[in-house]
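Structural characterization, general
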Amino acid sequence: GAGVSQSPRYKVAKRGQDVALRCDPISGHVSLFWYQQALGQGPEFLTYFQNEAQLDKSGLPSDRFFAERPEGSVSTLKIQRTQQEDSAVYLCASSLVRVYNEQFFGPGTRLTVL
Amino acid sequence: SQQGEEDPQALSIQEGENATMNCSYKTSINNLQWYRQNSGRGLVHLILIRSNEREKHSGRLRVTLDTSKKSSSLLITASRAADTASYFCATVTEYGNKLVFGAGTILRVKS
């Protein structure tokens, strides 16, 4: 594939709804990351996968956030019972082998919770 | 919470001038990376400098790293209107497994 893709690009949810955000990393990339970027801020780490193993989920803001990568490729970030403070751009990134390398970012999903 | 701080928060220059952005961070690092983000687009990796390196060049970009001061600078020479973007530094700690970003510098290059 050409790069990291994410879908949907834009999502509007009513408060209390569940949402699922999808990330397709670059083929063959072992590491996958999710970040949350608030308006005017830098991205903040949410979680990290190496293949299908979720090695770090320390950045997930609450137990309403859940991420998975069951077959070591596509990943889904799920947010349950969305709140207004969840409104942000959610970025997915992948890297070839390990976190010390450069990361390739997708275009992001802009989530707006009304 | 974010690791680093960029300085200045915003910078406006004329095409052809040089742009310098600074980044400070708090903990020991394995490497420091600079990324660019255009309005409405994803982040693009620009350059990576390891903790045992002091200076690195890539095209019109020059990055320095001073681990004793826990700071880095990004110099863009002969700027172009297309360089208009937000620039972020991001660190990877010595045993870390994630990028920790600063708040970014907004660069505007006027033609």
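Right above here is the structure, for reference.
Residues numbered from 1 in each chain as written. Chains lettered and ligands numbered in written order. Predicted model: local features only at pLDDT ≥ 70, side-chain atom pairs only at ≥ 80, totals over all residues. Heavy atoms only, no water.

**A word on the overall build of chain A**
Threshold: Numbered from the N terminus, helices here are DSSP runs of H or I no shorter than four residues, and strands are runs of E no shorter than two. Values of the radius of gyration come from C-alpha atoms, whereas the globule rule sets the reference at 2.2 Å times the count of residues to the power 0.38. When a residue's accessible area, from a 1.4 Å probe over protein chains only, is under 20% of the maximum for its type it is buried; when over 50% it is exposed; and in between it is partly exposed. Should any heavy atoms of two residues lie within 4.5 Å, those residues are considered in contact. Calculation of accessible area relied on Shrake-Rupley with a 1.4 Å probe; when residues are assessed, cover is drawn exclusively from the protein chains displayed. Residues scored as positive are Lys and Arg, those scored as negative are Asp and Glu, and His as well as the terminal groups of each chain are ignored. Think of each charge as sitting on NZ of Lys, CZ of Arg, CG of Asp or CD of Glu.
Helix and strand content of chain A: zero helices and eleven strands. For a compact globule of 114 residues, the expected C-alpha radius of gyration is about 13 Å, and chain A comes in at 13 Å, within 12% of that figure. Referenced to the eigenvectors of the C-alpha coordinate spread, the extents of chain A come out at roughly 40 × 25 × 25 Å. Scored against the burial criterion, the 114 residues of chain A give a buried share of 46%. Considering only intrachain contacts with a sequence separation of at least 6, the fraction spanning at least 24 residues in chain A is 53%. For chain A, the accessible area works out to roughly 5,600 Å², and carbon and sulfur atoms hold 48% of it. Seen as two clouds, the 12 positive and the 11 negative side-chain charges of chain A have centres 6 Å apart.

**A short note on the interface of chain B and chain A**
Applied cut-off: Here's the idea: put two parts together, see how much 1.4 Å probe accessible area each one loses, and the total over both is what we call buried area. By salt bridge we mean one thing: a side-chain nitrogen of Lys or Arg within 4 Å of a carboxyl oxygen of Asp or Glu. As used in this structure description, the phrase polar contact means that two N or O atoms lie within 3.5 Å; if the pair is within protein, one of them must be able to donate a hydrogen and the other to accept it, and residues adjacent in sequence are counted only when both atoms belong to side chains. Under the grouping applied here, Gly and all other residues not named as nonpolar or charged are polar, the nonpolar ones being Ala, Val, Leu, Ile, Met, Phe, Trp, Tyr, Cys and Pro and the charged ones Asp, Glu, Lys and Arg.
Each partner contributes to the interface: chain B provides 24 residues, whereas chain A provides 22 residues. Summed over both sides, the interface of chain B with chain A buries roughly 1,700 Å², with 49% coming from carbon and sulfur. Between chain B and chain A we count zero salt bridges in total. On the surface where chain B and chain A come into contact, there are four residue pairs in polar contact (both at pLDDT 80 or more). Mapped by element, the contributors of at least two residues to the side of chain B that touches chain A are strand 4 (29-37), strand 5 (43-50) and strand 9 (85-93) of chain B. For the side of chain B that touches chain A, the element with the most residues is strand 4 of chain B, which contributes five residues. Grouping the amino acids of the side of chain B that touches chain A by side-chain chemistry returns nine nonpolar, 13 polar and two charged.

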